[in-house]
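# Analysis of the macromolecular model
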Amino acid sequence: MLQSLRSKATELLLREEWGESIKIYTQFIDLSRIQISDTSESDPDPDSVAKLRRSLCLALCNRAEARARLHDFLEALRDCDQALEIEKTHFKTLLCKGKVLLGLSKYSSALECFKTALIDPQASGNLETVTVYMEKCKKLEFQAKTGSFDLSDWVLSGFRGRCPELAEFIGSIEIKKSELSGRGLFATKNVVAGTLVLVTKAVAIQRGILGNGESVEKAQLVMWNNFVDEVTESVRKCDRKRRVVSALSTGEDEDKLEIPEISLFRPDEAVETCGDSKQSLDSEKLLSILDVNAMVEDAISAKVMGKNKEYYGVGIWTLPSFINHSCLPNARRVHVGDYAIVHASRDIKAGEEISFAYFDVLSPLEKRKEMAESWGFSCGCSRCKIESMLYVTNQEIREIEMGLERGVDAGNAVYMIEEGMKRWKVKGKDKGLLRASYWGVYDEVYNSERLMKRWGRKIPTMEVVMDSVSDVIGSDERLMKLAVEGMMKKNLGSSNIVEMEKILKLGKGVYSKVVSKKKALKTLIGLE
Ligand SMILES: C[S@@+](CC[C@H](N)C(=O)[O-])C[C@H]1O[C@@H](n2cnc3c(N)ncnc32)[C@H](O)[C@@H]1O
């Protein structure tokens, strides 16, 4: 019976029928254990018990492999540990355990596993495989410790092939109470624009092609349902993920929420335990959590080169879920594979809250209010407060807006705003706020030869406006695009070092320092 179960399980494993093979291996393992205990008592021959133990070890290892394929990493780890209790240096098990630990982002433990695997005599025929894994562990561990990622080669290859493997990384940040709402993420050290703040792997992500027309909504709904199932499954399997996901906001009573320790988000430090089905997350609470925290994937490859443009992805990334929205954001996110990369889009001071834009902040106050409302909150950022005050006390702004609705000449509108700011005593940095709010008309004017001929001398230069806007909202593709076009128009080409450096700085703020080679950054910006 044991023999027939074993061959059936092996066959299923080879056919990659993971679920079924787990079932049969489980029967085999249970029966083997009974047989071992019976044989130990009745058969004095130690060889027969040893043989049974060896085949139990292999079965545990194979079940671990199948479980790992289904991303049931913690159960797989448990199988590996049981197999290693039987044979301490069982090569296949150590290789499997190393891969599982890699899947759990526990790079140093994975490296230890592969090192131990080298002791086994079977390693000699598989030296190359083990070495490749060891190098991978070292690279990822270094990334996780230092945050030094470089995607330049992938960018330069035109995003060809699979996206590069990344490590999870947590920079100098902490979770604290936020003045905006509930908890927020804060910098504990000064951060220079472009520097990574964190890199997090999705708890779950669903991608699909949405198509067009009426089918879009239907496709989106199917994807959402699959996404909810995936998150449910993921938190069921892993206790830490369940705790982390259940710590997220449901959008209600945020100020009463607990502040979790940042170490809970460090996979390398966390002690993992398998999920306890009795403690699974209430499905209604999970739906509210996903409603508030799920994000649409913003893949760098799709954004820049249109690769996989037709794909739509929705996912949940735990630590980024603590980042509040601000209309004066200082960070941005990009997505590479299943990872969300958050980086500073302008310099951030130690102690400052890290925020990114949930929606387009190059929009007027009323439009931003509408967008925040559709997200289910009323924005409490300082820009909204300043602009609201100005709006209440100032009839002129409303008149300018009404003029814009009637289709007044964009140059005239910019002129009115600039002249108005002198009268309304809007000074220094605050000028950037209003310019950001009416960015659309500024952009139209600077892009039109006709309007520039008429209004150019009466309004500030494009550089002045752009600097003041990027000062308050950080880098943005549209600012960068305008700067590139401005440089081209002036026929400076790429020979003007000062302009070029400015554009590259904006580029770093948009795409982060993960693209460290200048040539790659220029490709993303559209200069190569
Ligand atoms: C992804 S969570 C951000 C973290 C959340 N503050 C917490 O404590 O878990 C999104 C929720 O935070 C709140 N929020 C984010 N940005 C905000 C802002 N600028 N003003 C007011 N509330 C905000 C809203 O309740 C929103 O639904």
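Right, let's walk through the structure included here. This is a predicted model, so every value here is computed, not measured.

One non-glycine residue with positive phi stands out, namely Phe-159, at about 60°. With respect to the helices, strands and loops of the structure, Phe-159 is situated in the loop between helix 8 (152-156) and strand 1 (169-170). Residue Phe-159 is classed as partly exposed on the basis of its C-beta count, with 19 C-beta atoms lying within 10 Å. Unusually for a residue other than glycine, Asp-253 sits at a positive phi of about 45°. Mapped onto the elements, Asp-253 comes out in the loop between helix 10 (239-246) and helix 11 (283-293).

Running from amino to carboxyl end, helix 22 (residues 497-511) crosses helix 23 (residues 518-525) at an angle of 80°, the nearest separation of the two axes being 10 Å. It follows that helix 22 is roughly perpendicular to helix 23 by the angle criterion. Across from Ile-503, Leu-504, Gly-507, Lys-508 and Tyr-511 in helix 22, the residues of helix 23 making contact are Leu-521, Leu-524 and Ile-525. Among the residues forming the contact of helix 22 with helix 23, the class breakdown is 6 nonpolar, 1 polar and 1 charged.

This part is about the site of the ligand. In the region of the ligand, 23 residues are neighbours, and Ser-181, Gly-182, Arg-183, Ser-249 and Asn-324 sit closest. Broken down by secondary-structure element, the contributors of at least two residues to the shell around the ligand are strand 3 (183-187), helix 11 and strand 8 (324-325). In this structure, the shell around the ligand is formed jointly by two domains, domain 2 (152-356) and domain 3 (365-525), each of which donates at least three residues.

Nonpolar side chains in soluble globular proteins tend to end up buried together. Within the largest apolar cluster, 138 residues are counted, with the highest numbers of intra-cluster contacts made by Ala-64, Val-100, Val-197, Leu-198, Val-199, Ile-341 and Val-414. Examining the composition of this core, we find that 10 residues originate from one element, helix 3 (residues 46-69), more than from any other.

A word on helix 10. Among the residues of helix 10, those classed as buried are Lys-241, Arg-242 and Val-245. Burial along helix 10 is one-sided: seen end-on, the buried residues are contained in an arc of 100°. Contact partners of the buried residues in helix 10: helix 9 (215-237) and helix 11.

Turning our attention to the sheet that holds strand 1. Strands sit in the order 1-4-10-9 across an open sheet of 4 strands; the sheet is antiparallel. In this open sheet, the two strands that pair with only one neighbour each are strand 1 and strand 9 (331-336).

Here we come to the sheet that holds strand 5 (residues 204-209). A sheet is described by the order of its strands in space; here 3 strands give the open sequence 5-7-6, paired in antiparallel fashion. Because the sheet does not close on itself, it has two edges, and the strands there are strand 5 and strand 6 (295-296). Examined bridge by bridge, strand 5 and strand 7 (residues 311-316) share 6 bridges and lie antiparallel to one another. By the bridge assignment for strand 7, Ile-205 is matched with Gly-315. Where helix 9 meets the sheet, it contacts strand 5 and strand 7, and its direction lies at approximately 160° from that of strand 5.

Conventions adopted
- Residues numbered from 1 in each chain as written.
- Predicted model: local features only at pLDDT ≥ 70, side-chain atom pairs only at ≥ 80, totals over all residues.
- Helix = DSSP H or I, 4+ residues; strand = E, 2+ residues; numbered from the N terminus.
- Buried ≥ 20, exposed ≤ 12 C-beta atoms within 10 Å, placed from the backbone.
- Axes fitted to C-alpha atoms, helices over the stretch in contact; angles between N-to-C directions.
- Parallel < 35°, antiparallel > 145°, perpendicular 65-115°, else oblique.
- Contact = placed C-beta atoms within 7 Å.
- Nonpolar A, V, L, I, M, F, W, Y, C, P; charged D, E, K, R; others polar.
- Near = placed C-beta within 6 Å.
- Domains from an automatic or database assignment.
- Core = buried A, V, L, I, M, F, W, Y, C linked by C-beta atoms within 7 Å.
- Arc of directions from axis to C-beta.
- Pairing = 2+ DSSP bridges.

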